[in-house]
Amino acid sequence: MQPVLEIFAADGFALWPVGEHGSYGYLVLDGELTPAEVGTAVMRIAASNDFEPEEQHGPCPTDPLGAFLHGLLTMPDLFAAGGLRVTDTATGAFFVEPGCCNGLETWRDWQEVLDGTGCSYFGHDPSSAAERVGDTVRLTLDVYAKDGSPVIELPVDQVRALVAGAEADMRDFLCLAGTWAEQHLPTHAAAVTAALARALDLESKE
């Protein structure tokens, strides 16, 4: 189980160094990213929230960097397109892949599967789902697939450990991003790091 961020090619982006990526894909967030990959992740999360906030969040700055970061730094509810992806490491088969409209800020929905309602969905196209059935969790890549879908059942305790590992990966990424921000966005470092923690729903725990 890996936290992944939806990314696109960063053609023409020049506010800070970013990595080279194809037209579309996912970037795994963990503590092993290069500085350029961290820059890509910060760029994508900021871009996902790059729209004019409501008046109470103040006027948009006129400088390019301030304008680009404005939504990330002022919006109360942030979005980070992606989610927790579950892959069979032996075969490479996906059992959960974040769909459209799913975000990393909702990763705690997995805890709802384990200890709450027992079911959660993770966007659409594909429409991945996790459902608790007794002492197991059933993972389905696409519940609406016409020709069937890959399905796997895992013990609840194993899924709990996987979720904890994914959370640790995101916290490692956040630590990297804080150091990166101090180097590349020194006047905004603390605010950007705090915003990333909110975007990944990591601010409630140390």
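Conventions we followed
- Residues numbered from 1 in each chain as written.
- Predicted model: local features only at pLDDT ≥ 70, side-chain atom pairs only at ≥ 80, totals over all residues.
- Heavy atoms only, no water.
- Phe/Tyr/Trp six-rings, centres within 6.5 Å; stacked < 30°, edge-to-face > 60°.
- Helix = DSSP H or I, 4+ residues; strand = E, 2+ residues; numbered from the N terminus.
- Buried < 20%, exposed > 50% of the residue type's maximum accessible area, 1.4 Å probe, protein only.
- Disulfide = S-S within 2.5 Å.
- Axes fitted to C-alpha atoms, helices over the stretch in contact; angles between N-to-C directions.
- Parallel < 35°, antiparallel > 145°, perpendicular 65-115°, else oblique.
- Contact = heavy atoms within 4.5 Å.
- Pairing = 2+ DSSP bridges.
- Lys, Arg positive; Asp, Glu negative; His and termini not counted.
- Salt bridge = Lys/Arg side-chain N within 4 Å of Asp/Glu carboxyl O.

Draft legend 1. The arrangement of the packing of aromatic side chains in detail. If you walk through the whole model with that rule in mind, you get 7 aromatic pairs. Arranged with centres 5.5 Å apart and planes meeting at 80°, the rings of Trp16 and Trp180 form a pair that is edge-to-face. Residue Trp16 is located in the loop between strand 1 (2–8) and strand 2 (24–28), and its partner Trp180 is located in helix 4 (residues 156–184); the two are separated by 164 residues in the primary sequence. Under the relative-accessibility criterion, Trp16 is labelled buried at 5%. Ring-pair connections join several aromatic residues into one group, and the members of that group are Phe13, Trp16, Phe68 and Trp180.

Draft legend 2. Representation of the state of the cysteines within the structure. One pass over the structure, following the stated rule, counts 0 disulfides. Counting only cysteine sulfurs, Cys100 is the nearest neighbor of Cys101, a cysteine outside any disulfide, at a range of 3.6 Å. Taking the relative accessible area as the measure of exposure, Cys101 reaches 61% and is therefore exposed.

Draft legend 3. Region of interest: the packing of helix 1 (residues 35–48) against helix 2 (residues 64–74). Contact geometry of helix 1 with helix 2 gives a least axis separation of 8 Å together with a crossing angle of 75°. As the angle between them shows, helix 1 and helix 2 are arranged roughly perpendicular. For the pair formed by helix 1 and helix 2, the contact residues are Met43, Ile45, Ala46 and Ala47 on the first element and Phe68, Leu69 and Leu72 on the second.

Draft legend 4. Just the sheet that holds strand 8 (residues 151–155), in detail. Taken together, 4 strands build an open sheet; the order of strands is 5-6-7-8 and the sheet is antiparallel. A single partner strand is all that each edge strand has here, and the edge strands are strand 5 (119–121) and strand 8. On average, each strand axis in the sheet is inclined to that of its neighbour by 20°, with strand direction left out of account. Where strand 7 (residues 136–140) meets strand 8, 5 bridges bridge the pair, whose relative direction is antiparallel.

Draft legend 5. Region of the structure containing the side chain of Glu97. Relative to the assigned elements, Glu97 resides in the loop between strand 4 (94–96) and helix 3 (109–115). It turns out Glu97 is buried and unbridged, and the closest side chain with the opposite charge, Arg85, is 4.5 Å from it. Look past the residues within four positions of Glu97 in its chain and what remains in contact with it is Tyr26, Arg85, Phe122, Pro126, Ser128 and Leu141.

Don't take any of this as a statement about function, it's just geometry.
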